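A structural walkthrough
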Amino acid sequence: MAVALGDPRGIGPEITARALAQPLEAEITLVGAEDQIAGIPAQHRIPVGTWGLGSGDPTADRSRMIRAGRIAGHAVEAAAKLALSGEVDAIVTAPAHKHALHIAGFPYPGHTEWLAQLAGGVDVAMMLAAEAPPDDPDGHPLRVVLVTTHVPLRDVPALLTVERVVRTGGIVDRALRDWWGIERPRLAVCALNPHAGESGLFGDEEDRILDPAARELGATGPLPADTVFVRAMRGEFDAVLAPYHDVGMTAIKVAAFGRAVNVTLGLPFPRTSPDHGTALDIAGTGKADPSSMRAAIELAAKLARRT
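Throughout what follows, the structure given in this document is the object of discussion. (Residues numbered from 1 in each chain as written. Predicted model: local features only at pLDDT ≥ 70, side-chain atom pairs only at ≥ 80, totals over all residues. Heavy atoms only, no water.)

**Examining helix α7 (residues 162-178)**
Convention followed: The numbering of helices and of strands both runs from the N terminus, where a helix is a DSSP run of H or I of at least 4 residues and a strand a run of E of at least 2. In a helix, the anticipated span is given by 1.5 Å times the number of residues less one. Under the scheme applied here, a residue whose accessible area is under 20% of the maximum for its type counts as buried, over 50% as exposed, and between as partly exposed, the area being computed with a 1.4 Å probe on protein chains only. The contact criterion used throughout is that any non-hydrogen atoms of two residues lie within 4.5 Å.
With 17 residues, α7 extends 24 Å from end C-alpha to end C-alpha; this agrees with the ideal 24 Å at 1.5 Å per step. For α7, the full list of buried residues reads V165, V166, T168, G169, G170, I171, V172, A175 and L176. Contact partners of the buried residues in α7: β5 (125-130), β6 (142-146), β7 (187-190), α8 (205-217), β9 (239-242) and β10 (261-265).

**A look at the pairing of β6**
Consecutive side chains along a regular strand alternate between the two faces of the sheet. For clarity, the cut-off: Pairing between strands is defined by DSSP: at least two bridges between the two strands are required.
Counting buried residues along β6, five of its five residues qualify, which places the element largely inside the surrounding structure. Judged by which residues are buried, β6 turns out to be covered on both faces: L142, V144 and L146 on one side and R143 and V145 on the other are all buried. The pairing of β6 with β9 spans three bridges and is parallel. Each bridged residue has a counterpart across the sheet, and for V145 the counterpart in β9 is L241.

**Some details on the pairing of β5**
The element β5 is largely enclosed, with a buried count of six among its six residues. Across the two faces of β5 the burial is the same, with A125, M127 and A129 and M126, L128 and A130 all buried. In this structure, β5 lies alongside β10, joined through five bridges in antiparallel fashion. Its bridge partner lying in β10, M126 is registered against T264. One ladder, built from five bridges, connects β5 with β6; its direction is antiparallel. Residue pairing for β6: A129 is matched across the bridge by R143.

**A word on the packing of aromatic side chains**
Test applied: Only Phe, Tyr and Trp rings take part, Trp by its six-membered ring, and two of them pair if their centres are within 6.5 Å. Stacked means planes under 30 degrees apart, edge-to-face means over 60, and tilted covers everything else.
Taken as a whole and assessed by the stated rule, the structure comprises two aromatic pairs. Ring geometry for F106 and W114: centres 5.3 Å apart, planes at 40°, overall tilted. Accessibility classification places F106 together with W114 in one group, the buried group. The class for W114 is buried, based on a relative accessible area of 1%.

**What about the sheet that holds β7?**
Keep this limit in mind: Axis geometry follows a simple rule: fit a line to the C-alpha atoms, using only the stretch in contact for helices, then measure angles between N-to-C directions, giving values from 0 to 180 degrees.
Taken together, eleven strands build an open sheet; the order of strands is β3-β2-β1-β4-β11-β10-β5-β6-β9-β7-β8 and the sheet is mixed. Only two strands of the sheet have a single neighbouring strand rather than two, namely β3 (44-47) and β8 (220-223). Adjacent strand axes in the sheet meet at a mean angle of 25° when their direction is disregarded. Strands β5, β6, β7, β9 and β10 of the sheet are contacted by α7, whose axis makes an angle of about 155° with β9. The strands touched by helix α10 (residues 245-256) are β5, β6, β7 and β9; relative to β6, the strand with the most contacts, the crossing angle is about 160°.

The values are spatial; any link to function lies outside them.
Quick look at the structure:
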């Protein structure tokens, strides 16, 4: 698999090095700044420029930010090309700073949309997945999929359509079957409004959009946001479709921060990343926790073996 180190100013190189310190049943290709990938354990290395400017971004210098964005962007594109050509079976992306990518010429809302374009404009979905806690024999995984991703909250009602929910649910269903080996995926649809609209008292999106979509998918719901994730964590559902970014991200991060993994569904190859950002304020201090990066690498290897 290919591991793209992300923004060279942030914690990506640090957490990648620590995540790969322990042996892994996978052949690793590192993609990133030449001076950063040199000391990290891997079978192969593909340099995309040299950084040499240290960690963090105390001055917020624009030229430095552009340089960082170019290295991160070229690393992601190189990793995607390796996967599309069949040279690697999966990719893992370390955190990248979206503003740095934008001003460096990579104008995408996030990796999810970007990778979809690199793969030929395929339909994708953004999943946050946390496997069952290793110290809890009765625990269950929590998988949350976003129907809308990086958009202003005010735009969500207009973007939330029956077709969009059904399309996202179909991508999730196929991924759970093909990548996770779940024969009959159980999906739940999370409501948009409080109390799932309370029969139209607090909004009608549940009746107009989410209920018809759930029936077409054979999913349960729409269920109130304050209970659906708890039910999923108790093993009732294999994945929950969340109508907007923060309701899904908040649920998964409260439940499993540090061990959750971002997975792009719908690509012709598995792609994962950790559940956090670049953390420029602690880069280079040794404080960053590599557990989510390790979980992302392990899950990518697991999904690659299934495909």
